[in-house]
Amino acid sequence: MSSGHLDEITLNEWLDDALPALEHTAAAAHLAACPHCAGRLAELRAVLARLDSLPEAPLARDLAPAVLSRLPARPAPSAPAFAGGWPWALALQAALAAALLLIAAPAAEVPPIAAAAADLQAGGAQALAGWWAAFIAQAQADLAQVIAGGGQLAADARALAAPLSQWPEAAWSAGLAALGLLWLAGNGLALRRLITPPSQIRSR
Amino acid sequence: MALRSAGDLPDDADLARRARRGEAAAYGELVRRHQQAVFNVCYRLLGHRQEAEDAAQEAFLRAYARLETFDLSRPFGPWMRRVAANLCLNHLAGERPAGLELDDERAEAAVPGPEIAREQAEQAAAVRAAIAALPPRYRAVIELRHFQGLSYDSIAAALGLPVSDVKSHLFRARRQLAEVLKGQT
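(A) Molecular detail of helix H8 (residues 152-159) of chain B. Looking only at H8(B), the buried set comprises Tyr152(B), Ile155(B) and Ala156(B). Down the axis of H8(B), the buried set is contained in an arc of 100°. They therefore lie on one face. Away from its buried face by more than 90 degrees, H8(B) exposes Asp153(B) and Ala157(B). Residues of H8(B) that are buried sit in contact with helix H1 (8-15) of chain A together with helix H7 (136-147) and helix H9 (163-181) of chain B. Among the residues trailing H8(B), Gly160(B) stands out with phi positive, at a value near 65°.

(B) Examining the packing of aromatic side chains more closely. All names here are of chain B. Counted under the stated rule, the structure contains five aromatic pairs over all chains. When the centroid spacing of 5.6 Å and the interplanar angle of 20° are considered together, the rings of Phe39 and Tyr43 count as stacked. You can see Phe39 and its partner Tyr43 sitting in helix H2 (residues 24-46), four residues apart, about one turn around the helix. Taken as a pair, Phe39 and Tyr43 share a single burial class, namely buried. Plain terms: the ring middles of Phe70 and Trp79 are 5.0 Å apart, the flat faces sit at 40° to each other, and that makes the pair tilted. In this pair, the class of Phe70 matches that of Trp79, namely buried. The lysine or arginine in question, Arg49, covers the ring of Tyr43, its NZ or CZ lying 5.4 Å from the ring centre.

(C) Examining the interface of chain B and chain A more closely. In this complex, chain B contributes 50 residues to the contact, which on the side of chain A involves 32 residues. Both sides of the chain B and chain A interface together cover about 3,800 Å² of buried area, and 59% of this is carbon and sulfur. Of all residues in chain B, Gln57(B), Tyr64(B) and Arg174(B) give up the largest surface area on contact with chain A, accounting jointly for 17% of the area buried on that side. Connecting chain B to chain A are nine salt bridges. Residue Glu56(A) pairs with Arg44(B) through a salt bridge whose shortest N-O separation is 4.0 Å. On inspection of chain B and its partner chain A, the count reaches 17 residue pairs in polar contact (both at pLDDT 80 or more). Of all the secondary-structure elements, those providing two or more residues to the side of chain B that touches chain A are helix H1 (12-20), H2, helix H3 (49-65), helix H6 (115-132), H7 and H9 of chain B.

(D) Molecular detail of the nonpolar core. Val67(A), Tyr27(B), Val38(B), Cys42(B), Phe60(B), Met80(B) and Leu177(B) are the most contacted members of the largest nonpolar core, which has 75 residues in total. Among the elements that line this core, the one with the most residues is H2(B), at eleven residues. With five residues, the next largest nonpolar core counts Ile136(A), Trp172(A), Leu176(A) and Leu179(A) among its residues.

Thresholds, definitions, all that
Residues numbered from 1 in each chain as written. Chains lettered and ligands numbered in written order. Predicted model: local features only at pLDDT ≥ 70, side-chain atom pairs only at ≥ 80, totals over all residues. Heavy atoms only, no water. Buried < 20%, exposed > 50% of the residue type's maximum accessible area, 1.4 Å probe, protein only. Helix = DSSP H or I, 4+ residues; strand = E, 2+ residues; numbered from the N terminus. Arc of directions from axis to C-beta. Contact = heavy atoms within 4.5 Å. Phe/Tyr/Trp six-rings, centres within 6.5 Å; stacked < 30°, edge-to-face > 60°. Lys NZ or Arg CZ within 6 Å of the ring centre and 35° of its normal. Buried area = accessible area lost by both parts, 1.4 Å probe. Salt bridge = Lys/Arg side-chain N within 4 Å of Asp/Glu carboxyl O. Polar contact = N/O pair within 3.5 Å; in protein donor to acceptor, adjacent residues only side chain to side chain. Core = buried A, V, L, I, M, F, W, Y, C linked by side-chain atoms within 4.5 Å.

Below is the structure:
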């Protein structure tokens, strides 16, 4: 308030209903008693009324076709980490890993780590080769035992498992190495998908 | 996918969601719904019909590029008008400081027609001319406060000004409008 009258900012805040409660009450009392300020407020109200009276100007044309013709290609929304061709790869990896577990897990009981370490110390590489041969042989035997011990499923699987016992040690070694590599590669790629935004993967 | 089915129009949030996924037709529907309001924001701020149409078009393109930042829980219209206002204000900041000459509504007012319609058109032209004569920063606060209904705080945030500047710009803008329009009622 200046010179006993409401200042212009207060009048505008009054119009905009932006005065705090106490000031609003004080301004209301002043406006009721002061014709000068009431007149200034009326002038301001007239301005706002003129603005209110401004009609919407009609738009002469539909902007949509022009806008749509200029829309940039929108990047695909962030996809789940394993969308697209990933599910089959993960399913394959899971199946192979399960097979590896089936073969290898029982064998863990056969060559105790300590014994293998002692053999290694005593006989070096030759002992390690012997341990590996024993590991494969045990895995084959355990696989056959697991399959034979099952019910209906085992009967179906027995035919599939029969050729496995004929595989040479080198084939088993190569197969296990390939599974290991697949496991490493699959998890490495999956991790990359998880930590890298899809857009960056695409742009590389 | 059809955008319209009898009695079951998708709401703006749904259209914006689909536009985000790259559905151009959904964005086209949003443009059609809001183009009139967006054009009027641009027209009030720029004062020229053709410029306003171009600016409205640019505003929709800019909004599309920023669609990820739009809060789907809030109404699309005010956000879109804000985008348009910002675009026009940037345009004004880089070009003519003030004093636009309106080009078409005066011409429309001169078209023979019913007396009342002509008088209304003349009054609208006078108001537009008065707004266009304001310095851009005053025009901005009038647009955001009066036509978009923003609070002082929101205007301050939108324009990057202290609230005290918003208040002073607003009262000076209204005083200038009052002086210009005083003799034209």
